[in-house]
Structure formats: C-alpha cells, structure tokens
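Here is how the chains run, residue by residue.
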Amino acid sequence: MMKAKAVRMHGEKDLRLDEYEIGPLGADEILAQVVTDSICMSTYKAAVQGAKHKRVPEDIAQKPVVVGHEFAGTILEVGKRWKDTYRPGDHFTIQPNINYLNKGYAPGYSFERFGGDATKIIVPAVVMEKDCLLRYTGDAYFKASLAEPISCLIAAYHASYHMGADGKTHQMGIRPNGNLAILAGCGPMGLGAIDLALNMDARPSTIVVTDIDQKRLDRAKEILSPEKAARHGVRLQYVNTAGMAEPAADLLQYTEGKRGFDDVFILAPVASVVETGCAIAAQDACVNFFSGPTDTKFSAMVNFYDIHYKGCHYMGTSGGDAEDLRQAVAMIESGRIDPAVMVSHIGGLNAAADATLNLPAIPGGKKLIYTNLEMELTAIDDFAEKGKTDPLFRELARICARHGMLWSAEAEKYLLENAPKI
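Residues numbered from 1 in each chain as written. Predicted model: local features only at pLDDT ≥ 70, side-chain atom pairs only at ≥ 80, totals over all residues. Heavy atoms only, no water.

Colleague: Break down the packing of helix H4 (residues 147-159) against helix H11 (residues 322-333) for me, citing the residues and quoting the values.
Modeller: Look at H4 against H11: their axes get within 8 Å of each other, and the N-to-C directions meet at 115°. Considering how the two elements wind past one another, H4 and H11 form a crossing that is right-handed. Where H4 approaches H11, its residues Ala147, Glu148, Ile150, Ser151, Ile154, Ala155 and His158 are matched on the opposing element by Asp324, Leu325, Gln327, Ala328, Val329, Met331 and Ile332. When its residues are assigned to classes, the contact of H4 with H11 shows nine nonpolar, three polar and two charged. (Axes fitted to C-alpha atoms, helices over the stretch in contact; angles between N-to-C directions. Helix = DSSP H or I, 4+ residues; strand = E, 2+ residues; numbered from the N terminus. Left-handed = near helix turned anticlockwise from the far one by under 90°. Contact = heavy atoms within 4.5 Å. Nonpolar A, V, L, I, M, F, W, Y, C, P; charged D, E, K, R; others polar.)

This is the structure:
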C-alpha cells in the first residue's frame, strides 16, 4: 500500500500532520505528487470552524480531510480511464471549485486523500470529469499554485458590470480606462489584483489602493510601483487611510472632477471599509465585496439613494471556474503576470498546520508550503539573518536579492535540490 503524509483536519482548530495509506489507485483515478501549496485565508476559516463549515463533512473526526486547495505538482501514475488524456510527468494545477455532490465539496475541505498540504494525493474521477485538472508548463511550481487565487481575481474582474449610456445594456468587466479602487489592498490578494489590472487587455486609467499599514503600503509600492504602472498607461496611487476623518472625501480627490470610482473592490470584511467603498462609487459604479467574512451576520450600511439615483450596484464573488484558471495559467506561463509579488513566507509541510491556524496573525503576503520538504515557516525578508548560521538560507537570500527580494523559479529550484525532505 502507498503511504503519504498530509496535514488533515480532525475537528475545529485540530490540524495534524498525519502519515496514512492512500492506495490502491483506481482505474478512474490519478496518483500525483504535490510540490507546492499556498495557504489561503479560506483554509483558515475552514480550520477554525471544522465540521460547521459548509464545505467540510460532518464526520471529520472519523474521516479527517486533507487541507489546502491552492496546489501544484507532478502526475505520477494515471488510471486506465485517463491514459489518453494525461501522462506521468505532466505538471498540473487544480481548479478546486468542483462542487462535488452539489454540496460545495472541494479539495482542501472535503476529501480524505485529496488536498494541497500532502506529499502525495489521489485525484478522484470527478476532477477530471469536470476538466479541473489542468496541465501547467511554466518554470516554477509555486506559480501554478498561485494560479488559483489569480483565477479568483480574474473571475471577479469579469463579473463586474456596467449598464452603458442607455442604462439598459449590460457591459461585462471593469470599465476600460475607468477609475478602479482596491480598498484594504496591500495584502497578497490585493497585490495580485493590482498586477492583474495592470496587465489585462481592458485596463483602468487610474488605480487607487488603500491600506492602514504604512509598511504594507511601502512594500506594495516597491513591488508594484507607480512608475511601473505608468509604463502600462495607468496612474497608480497608494493611500494610507488610517486616521482620515473622512476617507471617502479624501479618496474622491484622486478622480477627475471628484466623480468617483467606476469599480470598487473591497478586500476586508470591515464595515467602515465597505461603507467607504459605497461612498466613493461613481454613477453606474460596480462595488464588489471580495472578502468572505466568518461572521454570518456581517453587515454594513448601504446608501439606497445612490442605488436609485446613481445606478450603483453591489455584488460579491468567490472563486472562479476552470476557464478562469486557464486564463490565469496562460498569463503566468507567458510571463504577463508574476505571482511572486504575492509571496512573503516559505515553509515545509511540518509548518503548514501552525501557519494555517495562525494565519491572521502572521504579517506579509502568501505563505507558500513545499509539501515534501521540512522547513520552518520563514519570511523572505529574514533569509539573510538566518543565513548567518545556515548555508541554505544564505544562498536563498542571495538568490532572492537578485530578484528584487521576491521568490523565484531559481529560488524554488535551489530549495527543492538542497532542503531536507520530510
């Protein structure tokens, strides 16, 4: 029998690194080795709720599930049914939004042998049947892991809509050459949203990004600078709204004639942020609440006068589909976008459980797990200090310095070749 190691959920706030049997492989299944999994805030929300989460089965105490849904790896063995479609050695990423059994069940939430924080997995037939196992030909596994969160952003941008000059004709997508606001936008998803907006075909002319942490703002400005945005024909502004008595009035100053923002993305489930987003919306604006709260009664004030007289409309999006993921993969493979801007920490499978349960308290961007390695979770910015006593981190610090202190394909290759296996 085949064995694997994985971080599995046994109950509320009960994540354990287990070793268990995963075989044998069925004729309609695929065996794969996971290489990377990036930890999503949605995994934290599932971990703290356990079986109360809508995607988590009620019997996890008896049948624990593998956590993690932003993962990539290599196909090892292909069941007979899929021999003509996939082959051993293919690199892959997963679209987790498979809605298994029409219950919202998905990898990372619902399966005993299938999730991201594992050394090896069995991919069930439903994933291939829904065309959610996608080949990836890029230069680094971690980029394929981050294709999933990028696909969520692509879905959100595509879902935005406007009503046109006649007030009747739906025009899908964010407004070309319009004003885009990304509120609470200096976390990993915010950085991904900025990078994507700069590199889409129909991009805005102005992007204003807010946060209340000056260190995050400075880091974002360094990674995705206004000068870089200008080369794409976009005016990019970073604004610290901490301490602003009237943040909406101040943000409107960044739009011509104070007319407001055509598209507003809200990336934090905070009532004041939501209300600011509503207040800066322009005529025929689309406001997207792109942040899943854990509080089922979360609410904020919405101005119905603006809904009626300004035609403002409000929506929320969560996740994407296989086509969104294909677009994300294509943009990553071509180098059009760089998911490395989202990554701040690197760790091994031994670090995944604690990192997930403490995710809100760990600053920075995406926490990237290499699932067949043993390594404490470490910020890229701390590599040089750790490198004073550890040659692995010394070389990683040098590599990251060559890439603007970002993770890279070169860093990944060195890590996979030199870090201890779990």
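Colleague: Quick one: what's the story with the state of the cysteines, residue by residue and with numbers?
Modeller: A full pass over the atoms with the stated rule returns zero disulfides. With no disulfide of its own, cysteine 186 has cysteine 40 as its nearest cysteine by sulfur position, at a separation of 18 Å. On the basis of relative accessibility, which here comes to 7%, the residue cysteine 186 falls in the buried class. No disulfide involves cysteine 286; its sulfur sits 9.7 Å from the nearest other cysteine sulfur, which is in cysteine 312. Cysteine 286 gets classed as buried once you look at its relative accessible area, which sits at 1%. (Disulfide = S-S within 2.5 Å. Buried < 20%, exposed > 50% of the residue type's maximum accessible area, 1.4 Å probe, protein only.)

Colleague: Can you tell me about a negative patch on the surface, naming the residues and giving the values?
Modeller: Residues Asp218, Glu222, Asp381 and Asp382 make up a contiguous surface patch of negative charge. For aspartate 218, the location among the structural elements is in helix H6 (residues 214-223). Judged by its relative accessible area of 43%, aspartate 218 falls in the partly exposed class. (Patch = residues over 30% accessible without salt bridge, like charges linked within 9 Å, V, L, I, M, F, W, Y side chains within 5 Å. Areas by Shrake-Rupley, 256 points an atom, 1.4 Å probe, with all protein chains shown as cover. Salt bridge = Lys/Arg side-chain N within 4 Å of Asp/Glu carboxyl O. Lys, Arg positive; Asp, Glu negative; His and termini not counted. Charge placed at Lys NZ, Arg CZ, Asp CG, Glu CD.)

Colleague: Describe unusual backbone geometry, naming the residues involved and giving the relevant values.
Modeller: Residue proline 24 is bonded to the preceding glycine 23 through a cis peptide linkage, with omega at -5°. The topology assignment puts proline 24 in the loop between strand S2 (14-21) and strand S3 (30-39). Despite not being glycine, lysine 258 shows a phi value in the positive range, around 55°. In this structure, lysine 258 sits in the loop between helix H8 (247-252) and strand S14 (261-266). Phi angles above zero are rare outside glycine, and methionine 405 is one such case at about 60°.

Colleague: Tell me about the pattern of salt bridges, and please be specific about residues and values.
Modeller: Counting across every chain of the model gives 22 salt bridges. With its nearest N and O atoms 3.5 Å apart, the salt bridge here joins arginine 326 to glutamate 323. In this pair, arginine 326 and glutamate 323 are both assigned in helix H11, three residues apart and thus about one turn of the helix distant. Under the relative-accessibility criterion, arginine 326 is labelled partly exposed at 31%. One salt bridge in this structure joins glutamate 376 and lysine 386, with 3.3 Å as the shortest N-O distance. Placement of glutamate 376 in the loop between strand S18 (366-370) and strand S19 (378-379) and of lysine 386 in helix H13 (residues 383-386) is noted, with a sequence separation of 10 residues between them.

Colleague: So what's going on with the pairing of strand S12 (residues 206-211)? Residues and values would help.
Modeller: Of all six residues that make up S12, six are buried, and the element is covered over most of its length. On S12, burial covers both faces: Thr206, Val208 and Thr210 on one face and Ile207, Val209 and Asp211 on the other are all buried. On the question of chirality, the crossover connecting strand S11 (residues 179-183) to the parallel S12 by way of helix H5 (residues 188-199) is right-handed. Here S12 runs beside strand S13 (residues 235-240); their pairing, made up of six bridges, is parallel. Looking at S13, one finds that threonine 210 is bridged to valine 239. (Right-handed = clockwise from strand over helix to strand, strands pointing away. Pairing = 2+ DSSP bridges.)

Colleague: So what's going on with the sheet that holds S14? Which residues, and what values?
Modeller: If you walk across this open sheet you meet the six strands as S13-S12-S11-S14-S15-S16, and the pairing is parallel. Of all the strands in the sheet, the pair left with one neighbour each is S13 and strand S16 (313-315). In this sheet, neighbouring strand axes are inclined to one another by 15° on average, regardless of whether the strands run parallel or antiparallel. With three bridges joining them, strand S15 (residues 281-289) and S16 adopt parallel strand pairing. Within the sheet, the bridge partner assigned to cysteine 286 lies in S16 and is histidine 313. Contacts between H6 and the sheet are confined to S12 and S13, with S13 contributing the most and set at about 165° to the helix.

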